[in-house]
Amino acid sequence: MATALLQQPGTTAGKTASAKSKTNRSFLRGLLANRKALAGMAVLAVFIVLALLAPVLFPGDPSRITAMASLEPDAEHLLGTTAKGQDVLALTVHGARSSLLVGLTVGFASTFIGILVGLASAYFGRFIDEALSLVTNVFLLLPGLPLLVILAAFLPPGLGTVILVLVVTGWAGSARVLRSQALSIRSKDFVAAAVVSGERAGRIMFREILPNMASIVMGTLLACVIYGIGAQAGLEFLGLGDVSTVSWGNNLFWAGNEGALLTGSWWVFVPSGACIALVAFALALINYAVDEVTNPRLRKIKAPASAPAESAPDTRTTIERSAAQ
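Residues numbered from 1 in each chain as written. Predicted model: local features only at pLDDT ≥ 70, side-chain atom pairs only at ≥ 80, totals over all residues. Heavy atoms only, no water.

(A) Quick peek at the overall build of the protein. A count of helices and strands for the protein gives 15 helices and zero strands. Per-residue burial for the protein yields a buried fraction of 38% across its 325 residues. Here the contacts in the protein between residues at least 6 apart in sequence split such that 71% fall between residues at least 24 apart. When the accessible surface of the protein is summed, it comes to about 18,100 Å², and 67% of that surface belongs to carbon and sulfur atoms. (Helix = DSSP H or I, 4+ residues; strand = E, 2+ residues; numbered from the N terminus. Buried < 20%, exposed > 50% of the residue type's maximum accessible area, 1.4 Å probe, protein only. Contact = heavy atoms within 4.5 Å. Areas by Shrake-Rupley, 256 points an atom, 1.4 Å probe, with all protein chains shown as cover.)

(B) Spotlight on a nonpolar patch on the surface. A cluster of nonpolar side chains, contributed by V46, I48, V49, L50, L52, L53, V56 and L57, occupies part of the molecular surface with about 690 Å² of accessible area. Mapped by element, the contributors of at least two residues to the nonpolar patch are α3 (35-52) and α4 (54-57). Residue contributions to the nonpolar patch peak at five residues, all from α3. (Patch = residues over 30% accessible without salt bridge, like charges linked within 9 Å, V, L, I, M, F, W, Y side chains within 5 Å. Salt bridge = Lys/Arg side-chain N within 4 Å of Asp/Glu carboxyl O.)

(C) Looking closely at the side chain of H94. Turning to its location among the elements, H94 is positioned in helix α5 (residues 88-124). Discounting residues that sit within four places of it in the chain, H94 has contacts with A54, P55, F58, G60, P62 and V246.

(D) Structural view of the packing of helix α9 (residues 189-196) against helix α10 (residues 201-209). The contact between α9 and α10 brings their axes to 11 Å, and the two run at 155°. By the angle class used here, α9 and α10 are roughly antiparallel. In this structure, the crossing between α9 and α10 has a hand that is right-handed. Across from F190, V191, A194 and V195 in α9, the residues of α10 making contact are I204, E208 and I209. Among the residues forming the contact of α9 with α10, the class breakdown is six nonpolar, no polar and one charged. (Axes fitted to C-alpha atoms, helices over the stretch in contact; angles between N-to-C directions. Parallel < 35°, antiparallel > 145°, perpendicular 65-115°, else oblique. Left-handed = near helix turned anticlockwise from the far one by under 90°. Nonpolar A, V, L, I, M, F, W, Y, C, P; charged D, E, K, R; others polar.)

(E) View of helix α11 (residues 214-237). Here α11 contains 24 residues, and its C-alpha end-to-end distance of 35 Å stays within 8% of the 34 Å for a straight helix at 1.5 Å per residue. One or two residues past the end of α11 sits G239, with phi positive at roughly 85°. (Expected span 1.5 Å × (residues − 1).)

(F) Summary view of the packing of helix α12 (residues 248-257) against helix α14 (residues 266-294). Interaxial distance between α12 and α14 falls to 9 Å at its minimum, and their mutual angle equals 150°. Relative to α14, the element α12 lies roughly antiparallel. Relative to α14, α12 is oriented so that their crossing is left-handed. Across from W248, N251, L252 and A255 in α12, the residues of α14 making contact are V268, F269, S272, G273, C275, I276 and V279. Considered class by class, the residues forming the contact of α12 with α14 number eight nonpolar, three polar and no charged.

(G) Structural context of the environment of T294. Take T294: it is sitting in helix α14. Along the backbone, T294 and S26 are 268 residues apart, and their C-alpha atoms lie at a distance of 9.7 Å.

(H) Focus on the nonpolar core. Grouped together as the largest cluster of nonpolar side chains are 17 residues, with contacts concentrated most on F47, L100, I229, W248, I276, V279 and L283. Broken down by secondary-structure element, the contributors of at least two residues to this core are α3, α5, α11, α12 and α14. In this view, F47 contacts L100, W248, C275, L278 and V279; residues no more than four positions away in its chain are not counted. (Core = buried A, V, L, I, M, F, W, Y, C linked by side-chain atoms within 4.5 Å.)

(I) Quick look at the packing of aromatic side chains. Taken as a whole and judged by the stated rule, the model has five aromatic pairs. Between F253 and W254, the aromatic rings sit 5.2 Å apart at their centres with planes inclined by 70°, giving edge-to-face as the arrangement. Residue F253 is classed as buried on the basis of its relative accessible area, which comes to 14%. Under the relative-accessibility criterion, W254 is labelled partly exposed at 32%. Geometry around W254 places K84 over its ring, the cationic atom sitting 4.0 Å from the centre. (Phe/Tyr/Trp six-rings, centres within 6.5 Å; stacked < 30°, edge-to-face > 60°. Lys NZ or Arg CZ within 6 Å of the ring centre and 35° of its normal.)

(J) Examining helix α6 (residues 126-141) more closely. Its 16 residues give α6 an end-to-end C-alpha distance of 22 Å, which sits within 8% of 22 Å, the value for a rise of 1.5 Å per residue. Residues D129, S133 and T136 constitute the buried set of α6. Projected onto a plane normal to the axis of α6, the buried residues spread over an arc of 65° and lie on a single side. Exposed side of α6, more than 90 degrees from the buried face: F127, E130 and L134 are the residues found there. On its buried face, α6 is in contact with α5 and α8 (159-186). (Arc of directions from axis to C-beta.)

Structure representation (structure tokens):
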């Protein structure tokens, strides 16, 4: 079996297989030791906790009218109210639930499809590779924004429609990146050993090739999540989402319709826009940290500690001793 071959220390395949788990562990340790990754994960964790606790912090319907219209931020309403009298803080906190749900769902779904297409294309090659590459190229050549607008306009409104539209238009880029990485791993000795030993294609792809793509898969996932959150906000800002759903994009849509920018009510649209920017910034920090951990060129090289002053030779003393002699 491939497992027995991979565990033989005298072969190149065995050395590669034994180094595989060490590489994954060092990647996780390096990621947890990176300041950018820790900062990004802390910001993202705050938003996730707020989204989960939104029904507890602000029970009931966040869209209900609770005060006078267009109130500036005060002690009772920390982020003021909208032109309808809705509490902006409640809308912002509840909006995190929908926006993060769509972003994470689109990210995982697009990455999963990209993994399937990329692995199958790289492993089987020939006709399957040509067919899958053709489909991928078609989706890459289609203009993204017009396709988003057309699909969202003709399909029934709702979160399911938004997720479907974003996944259909967002999987091709990840598939192309993952295919190129899988092609380089496909030619390794441990994959050849697994093929010769008669392992099934699914096991080889998901047990031998995929674990060696952990860093690129994680980077692709983070990029797809950022795309999902930003694209959803853009669609809903254009009025192509479900306007009855509370989300950051719909908050911006209603702020624009109610003339918040014209009346100078900055507290209505700034919180939702700032939340989108902060979440994208946190994910970008984690993505950049992944690049730093996996790319030796981006790692910071620590300068060696300078030698103590006592150990360094005193040039002046040496010259004086030589002259005295």
